[in-house]
Amino acid sequence: MRLEPDFLLFETPVFMGSLRQTLPHWLEKKHYTQVIVLTDDNTQTHCWPQIQNLLPHSVKTITIPAGEQHKNLKTCEWIWNQMLLQQCDRKSLLINLGGGVIGDMGGFCAATWKRGIDFIQIPTTLLSMTDAAIGGKTGIDFQGIKNIIGVFQNPAAIFIDPTFLNTLAERELRSGFAEVIKHALIGSPVLLHKIHQSGNTPLPHLDWSELLRESIAVKIHVVAQDPTEQNLRMLLNFGHTIGHALESYFLDTDTPLTHGEAIAIGMICEIPKDKRAEVAKTLLRYFPVVPIPETAYPELWNMMLQDKKNSSGTVRMAVPDELPFTLNVLELSEMQLPDLLSEYQNFSPA
Ligand code: GLY
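Residues numbered from 1 in each chain as written. Predicted model: local features only at pLDDT ≥ 70, side-chain atom pairs only at ≥ 80, totals over all residues. Heavy atoms only, no water.

Draft legend 1. Structural view of the packing of helix α8 (residues 189-197) against helix α9 (residues 208-225). Across the interface, α8 lies against α9 with an axial gap of 9 Å and an inter-helix angle of 150°. With respect to α9, the element α8 is oriented roughly antiparallel. Like other packed secondary-structure pairs, α8 and α9 cross with a definite hand, here left-handed. On α9, the residues touching Val190, Leu191, Lys194 and Ile195 of α8 are Glu210, Leu211, Glu214 and Ser215. Its residues placed into classes, the contact of α8 with α9 shows four nonpolar, one polar and three charged. (Axes fitted to C-alpha atoms, helices over the stretch in contact; angles between N-to-C directions. Helix = DSSP H or I, 4+ residues; strand = E, 2+ residues; numbered from the N terminus. Parallel < 35°, antiparallel > 145°, perpendicular 65-115°, else oblique. Left-handed = near helix turned anticlockwise from the far one by under 90°. Contact = heavy atoms within 4.5 Å. Nonpolar A, V, L, I, M, F, W, Y, C, P; charged D, E, K, R; others polar.)

As structure tokens, then:
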């Protein structure tokens, strides 16, 4: 058992490694009146059994259906109702056991319950371990717009146990890996070197604790400088301006893209031309070129105009500059988009 965190983000300790070594000891010191665990159908089946015996016998679970389509006010209402039935008082703890949807929505429900109760994040996907669970963004989608309602509220603790990655399909692991590569490109030549060194090792066989540690260090560094995204934190949106539009576009086709697949394309297109071939070489090893029909371009442009970073009808992209942790905001015009997308599609496989 140990209580020394691997990272501290403001007041929030981040523990890495086996939950058995950290969670019970941390909980013991806290004296919560009750502990509730929020899961979805998947984490209830695959992850809850792994932590159940580390928690008090009195712990209750609240389980919601899995999927982004449930990250809405209706599900929050249902969660709050369950909290009411369980008589959650202000000294209760909510444990969010799951990926980004569970972490964001559970964090939001906890942050607003009786003006805020403690919650902890136990991310179970690579995407949430390296990104979503860290940095205090909580919230839900509303009227089809992602994360438009929410608050910044840091969890009481974050527990990263890479053994949960064994529960993931390879495509989901690869999706999260795009965010790991993003962290390498914006702030860690060391991490980029480790990624290159990993050669052709299949993702499930990588040494995840090492890669996660470097990747999380980047996220924590950025959030610590700019917790409410006034400036530097925008850098975490690298690849997401074009990537989010592609993700939404392909969602309505027979070949939807994962978040990571979409932002991998976004990163290749958004990085300045002089670095594009090199960045493409890294990404195309994991994310083969996806054909994008020319008929999609106007729709993609319209979707990009909705991005939160824009002002007065221009599209702005946050991209890394030469040095680690330097933000460059570039404007994109509608005329440039076809060239970027066709240059991307002309890259040969890595
Ligand atoms: N996922 C981007 C951020 O946390 O700011």
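Draft legend 2. Seen up close, the site of the ligand. Around the ligand, the surrounding shell consists of Asp131, Lys137, Lys219, Glu229, Arg233 and Leu236. A distance of 3.0 Å separates a nitrogen atom of the ligand from a polar side-chain atom of aspartate 131. Lysine 137 places a side-chain nitrogen or oxygen 2.8 Å from an oxygen atom of the ligand. Taking 200 Å² as the accessible area of the ligand by itself, protein coverage stands at 83%. A class-by-class count of the residues in the shell around the ligand yields one nonpolar, no polar and five charged. (Near = heavy atom within 4 Å. Polar contact = N/O pair within 3.5 Å; in protein donor to acceptor, adjacent residues only side chain to side chain. Areas by Shrake-Rupley, 256 points an atom, 1.4 Å probe, with all protein chains shown as cover.)

Draft legend 3. Molecular detail of the sheet that holds strand β9 (residues 157-160). A sheet is described by the order of its strands in space; here seven strands give the open sequence β1-β2-β9-β6-β5-β3-β4, paired in mixed fashion. Each end of this open sheet is capped by a strand with a single partner; those strands are β1 (7-9) and β4 (60-64). In this sheet, neighbouring strand axes are inclined to one another by 20° on average, regardless of whether the strands run parallel or antiparallel. Here helix α4 (residues 73-85) sits on the sheet and contacts β3 (35-40) and β4; the angle it forms with β4, its principal contact strand, is near 165°. (Pairing = 2+ DSSP bridges.)

Note that all results are geometric; they support no functional claim without further evidence.
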